Structure formats: structure tokens, C-alpha cells
Amino acid sequence: VTGTKFTRVHQNEISLGKDTIQTIHARLGKPFEESTIIKNGKTIKVLSYSFAKPPFKFTGILPNTTQAFHFHNDVLVGHVFTTTEENERTNFDSSKVEKIKENETKIDEVIALLGEPSGEYIYPMVHKENDKAKVYFYIHINRRFTESRIYQQMLIASFNPEGTVTKLEFVE
């Protein structure tokens, strides 16, 4: 076993701009990892909770669940969840991303197209102070005896107060 088993915190159970490092610590305990990133010139503290459970096989996708919380000045500005567990898997159909158009598509259309996001961001995790973002994220490690390959999908769909997508960031 790697990490500590934890219970996923769903989007309706936390509030961006309100929850703090202390509220996440109180709920989940000590994180598996703490790190720092710079986003839009601001220092962001990241608390990552991760759990990988046996059986570890010589081939196939390694079972893993991770939830990361992003804080600026100790206040929650983002969170993202990913898992390879069948009942909660966070992968999405990346072929549909090209249908999303900046300054045209509404965020509700993105959700209808891709399903429920696995995270959310506010400034400074997004480029504009009044924008928010829905985050789609999936990562897995596929093991083949002596070699491993990492597969990752990430889409950050930033949107303005009117609900129009203003910026897309996509990695696959």
C-alpha cells in the first residue's frame, strides 16, 4: 500500500475562496505530499492525498486515487481528483475537446459534452481574477513487466461570470 486511504471530498462539500488548509487538514489529516507551485505570479501550496492499493500486478493499470488541494494565502483556490477505480474513473473522451470553442461555448455545454468535472479552480489558478474553471483530469500508470508508461489527460476550461468559456488548456 502506498499513501493513506482517504475519503474523496466532493465539490459540493467544499468552497473555493472560503475553505482553508486547516479545514482540509481537519477533514483528511496529514497529506501524502506537500508542494509549492507558482501560478500567475502567486505562490500556491498544494496538499496531495494519494492512495494506491494492492494487488500490484506486473502488467496493467496500477490502481491509484489522488486528490489535490491548492491554496493561496492558506485559502482554497482549487482542487482536483483523479482515480483509476472503475466506479469513479475520471478519464474523459478527449476527441470531444475540439468541439469546445473559446469565447463561444458555455460551460454548461462543456459539462453536457464531457460529464461532471473532477475539479474546480479560481484565481490565481486561472488567468483572470473573475473567471473560474472546471477541471477534467485523469492519470494512470500502465505497467508492462519491466517498463511503465504514464498516460495523462487534463483539460482546464476557464469561464467568465456569464458562463462563457474564455480559455482552454488541454494536455494529453
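Worth saying up front: this structure is predicted, and the values here are computed from it rather than measured.

Kindly report on the environment of Ile 122, identifying the contributing residues and their values.
With respect to the element layout, Ile 122 can be found in strand 7 (residues 119-122). With a relative accessible area of 18%, Ile 122 lands in the buried category. If we ignore the near neighbours within four places in the chain, the residues touching Ile 122 are Leu 16, Gly 17, Leu 76, Val 77, Asp 131 and Lys 132.

Could you give an account of helix 2 (residues 107-114), naming the residues involved and the relevant values?
Those residues of helix 2 not exposed but buried are Ile 107, Val 110, Ile 111 and Leu 114. Seen end-on, helix 2 carries its buried residues on one side only, within an arc spanning 95°. In helix 2, the exposed positions angled more than 90 degrees off the buried face are occupied by Asp 108 and Ala 112. Just downstream of helix 2, Gly 115 is the residue with a positive phi angle, here 95°.

Would you mind going over the pattern of salt bridges in detail, with residue names and values included?
Tallying each qualifying case throughout the model produces three salt bridges. Of the charged contacts, one joins Arg 27 and Glu 13 as a salt bridge, the two residues approaching to 3.3 Å between their closest N and O atoms. Taken together, the positions of Arg 27 in helix 1 (residues 21-28) and Glu 13 in the loop between strand 1 (2-3) and helix 1 put the pair 14 residues apart, joining distant regions of the chain. Arg 27 sits in the partly exposed class, given a relative accessible area of 42%. The class for Glu 13 is partly exposed, based on a relative accessible area of 36%.

Calculation criteria
- Residues numbered from 1 in each chain as written.
- Predicted model: local features only at pLDDT ≥ 70, side-chain atom pairs only at ≥ 80, totals over all residues.
- Heavy atoms only, no water.
- Helix = DSSP H or I, 4+ residues; strand = E, 2+ residues; numbered from the N terminus.
- Buried < 20%, exposed > 50% of the residue type's maximum accessible area, 1.4 Å probe, protein only.
- Contact = heavy atoms within 4.5 Å.
- Arc of directions from axis to C-beta.
- Salt bridge = Lys/Arg side-chain N within 4 Å of Asp/Glu carboxyl O.

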